[in-house]
Amino acid sequence: MVSGTRRGRGGQESPGYEDNPRRRGIGLATAVAALGGFLFGYDTGVIGGALIYLKDDFGLDDNGQQFVVGILLVGALIGALAGGAVADRLGRRTTLLIASAVFAIGGVLSGIAPGTGTLVVARFVLGVTIGISSVCVPLYIAELAPKERRGGLVSMNQFMITVGIFTSYLVGFAFSPIEGWRWMLALAAVPAVAMFVGMLGAQESPRWLINQGRPQEAREVLLGSRSVEEAEREVYEIQEAAKEESRWGWADLRRPRLRPALMLGVGVAAVNQLAGVNAVIYYAPTILQEIFGSSGAILSTVGIGLVNMLVTFVALRRIDSWGRRPLLLGGTAAVLSALVALTVLYLLPSRDGIVGYLVVVALCVYIAAFAASLGVAIWLVNSEVYPTPIRGKAASLGSATHWGLDMVIAFTVLTLISAIGESGLFALYAVLTLLGLVFLWRRMPETKGRSLEEIDADLQASAGRTR
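Residues numbered from 1 in each chain as written. Predicted model: local features only at pLDDT ≥ 70, side-chain atom pairs only at ≥ 80, totals over all residues. Heavy atoms only, no water.

Draft legend 1. Structural detail: the overall build of the protein chain. Assigned secondary structure in the protein chain consists of 18 helices and two strands. Going through the 467 residues of the protein chain one by one, you find that 60% of them count as buried. When contacts within the protein chain are restricted to residue pairs at least 6 apart in sequence, long-range pairs at least 24 apart make up 83% of them. On the protein chain, roughly 17,400 Å² of surface is accessible, and the fraction owed to carbon and sulfur atoms is 64%. (Helix = DSSP H or I, 4+ residues; strand = E, 2+ residues; numbered from the N terminus. Buried < 20%, exposed > 50% of the residue type's maximum accessible area, 1.4 Å probe, protein only. Contact = heavy atoms within 4.5 Å. Areas by Shrake-Rupley, 256 points an atom, 1.4 Å probe, with all protein chains shown as cover.)

In structure tokens:
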């Protein structure tokens, strides 16, 4: 660790990495922004427990349940497509401020919904906000973080998603005795208010500031976590990249030099969803209800959520030392193994006794492997691989792929279970995961310890070799 002071240009002293109080500001800004990830996780996870009770209050059949779950994903897809452009226009910090306010309003509206129509509108609005924040939060953190800490800091977003999911399961279990689904949904407003207050004092992204012609402000932000030399060098690199690639628009996503980055970002997002994780997140209580009953099913998902959260924490602590590629490939292989096990278990004639507990164990292994690999990788890869001037728009494509496939899953899980059974569902996801593993083996580079500009330069060289 470095302490004391560092010498800048002309002998100028700058605060040491440990002594600079603004270094702590980077961590605080990351934590506050990652509350967007918490809300993402809470609002997507809480519906699983709430659905068991609200389906009776509102008289929802399988299609109605899928619509209440899926409408959030429709909004998220729209938000993801718009999120990059909004973040580029308004700034990362301002976008997150607005998102936190809408999260609070949407949470309260969900909780007081008098009928299905109001609930659907509220969840659609929440979905748009989740889509925008899913682009903006990792973008903001990646552009603020020093390169040697970027993997762990960006992965904080995914960790907070898992904390949000786990918290939603705990809240669901706490309110299950009174069937209090309204409280489950409305409590999302509490962290949303905390995020709004926290973002009021947060810094703007230095890369966005430079693209707006405000290099001095960007330099001040960078000095919060870099030495003078590092800050000056990073400002220079960003300015040079901006000169070369100024005025990029949506049409420029067709440029040949972007194809390797787009294929990777969109591909990782697709594999993330085609592994079927949100079939588990959204419908685990419904899937487990026949084995353990309503309260037992929700309690089982609390255990699954805890595993998800703890493994994600370990992954984000180690991703900058172990690297992206080993975690991604090893974890995806383990996901595949768990899906095969679930396929076999659901082929058995009965899931009473030990078989039921083995199903929960297999789901825990599945979610743990996913958390350590695809769960962390999607947001990290999509925040790392694109050039600065078009990073927001390009990251939107990866996020939109995630939400588009997520929407398909949400609208089809119960229908597929009715048609081919749980075993057929898990077998389908296993085949898709195998194809995804082959793709990742061929396409995923190692990006740890490299600046965003260095990663972009290597991918540009890759595009030149393939033309």
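Having seen the model, we can carry on.
Draft legend 2. Geometry of the packing of aromatic side chains. Scanning all chains against the criterion turns up seven aromatic pairs. With a centroid separation of 6.3 Å and 20° between ring planes, the pair formed by F38 and Y42 is classed as stacked. Residue F38 and its partner Y42 are both found in helix α2 (residues 35–57); the two are separated by four residues, about one turn of the helix. Like Y42, F38 is buried. Between the aromatic rings of Y346 and F426, the centroid separation amounts to 5.7 Å while the plane-to-plane angle is 40°, which identifies the pairing as tilted. Here F426 lies in helix α17 (residues 391–443) and Y346 lies in the loop between α14 (324–345) and α15 (354–372), a separation of 80 residues in the sequence. A relative accessible area of 7% places Y346 in the buried class. Taking relative accessible area as the criterion, F426 reaches 4% and is therefore assigned buried. (Phe/Tyr/Trp six-rings, centres within 6.5 Å; stacked < 30°, edge-to-face > 60°.)

Draft legend 3. Seen up close, the pattern of salt bridges. With the rule as written, the count across this model stands at five salt bridges. Residue D88 pairs with R92 through a salt bridge whose shortest N-O separation is 2.7 Å. Both residues of the pair, D88 and R92, count as buried. By sharing partners, the salt bridges in this structure join D88, R92 and E143 into a single network. (Salt bridge = Lys/Arg side-chain N within 4 Å of Asp/Glu carboxyl O.)

Draft legend 4. Representation of the confidence of the model for the protein chain within the structure. Scored by pLDDT, the protein chain has a mean of 82; 88% of the residues are at 70 or more. Here residues 1–22 is a poorly scored stretch, pLDDT under 50, and it has 41 contacts once near neighbours within four places are set aside; other chains count. (pLDDT = per-residue confidence, 0-100.)

Draft legend 5. Spotlight on the packing of α2 against helix α6 (residues 150–175). Closest axis-to-axis distance for the α2/α6 pair is 6 Å, and the angle between their directions is 40°. By the angle between their directions, the pair α2 and α6 is classed as oblique. Here α2 and α6 pass one another in a crossing that is right-handed. Residues L35, G37, F38, F40, G41, Y42, G45 and V46 of α2 pack against N157, M160, I161, V163, G164, I165, T167, S168, Y169 and V171 of α6. For the contact of α2 with α6, a count of residues per class yields 11 nonpolar, seven polar and no charged. (Axes fitted to C-alpha atoms, helices over the stretch in contact; angles between N-to-C directions. Parallel < 35°, antiparallel > 145°, perpendicular 65-115°, else oblique. Left-handed = near helix turned anticlockwise from the far one by under 90°. Nonpolar A, V, L, I, M, F, W, Y, C, P; charged D, E, K, R; others polar.)

Draft legend 6. Expanded view of the side chain of E143. You can see E143 is positioned in helix α5 (residues 116–144). There is a polar contact of 2.6 Å between the side chain of E143 and the side chain of S205. When sequence neighbours within four positions are dropped, the list of residues in contact with E143 reads R92, S205, P206, R207, W208 and R391. (Polar contact = N/O pair within 3.5 Å; in protein donor to acceptor, adjacent residues only side chain to side chain.)

Draft legend 7. Quick peek at α6. Between its terminal C-alpha atoms α6 stretches 38 Å, which fits the 38 Å expected from 26 residues at 1.5 Å a residue. Taking the largest bend as the criterion, α6 deviates by roughly 30°, centred on M156. Most of α6 sits out of view: 20 of its 26 residues are buried. (Expected span 1.5 Å × (residues − 1). Bend = angle between axes of the 7 residues up to and from the residue.)

Draft legend 8. Region of the structure containing the nonpolar core. If you look at the biggest cluster of nonpolar residues, it comprises 146 residues, and the most contacted ones within it are L54, Y140, M199 and Y366. Other than its neighbours up to four places away in sequence, Y140 contacts A29, A33, R92, R93, L96, M199, A202, Q203, E204 and S205. (Core = buried A, V, L, I, M, F, W, Y, C linked by side-chain atoms within 4.5 Å.)

Draft legend 9. A look at the environment of R92. Topologically, R92 is positioned in helix α4 (residues 92–111). For the pair R92 and S205, spaced 113 residues apart in the sequence, the C-alpha separation amounts to 6.5 Å. With sequence-adjacent residues up to four places away left out, R92 is seen in contact with A87, C136, L139, Y140, E143, E204, S205 and W208.

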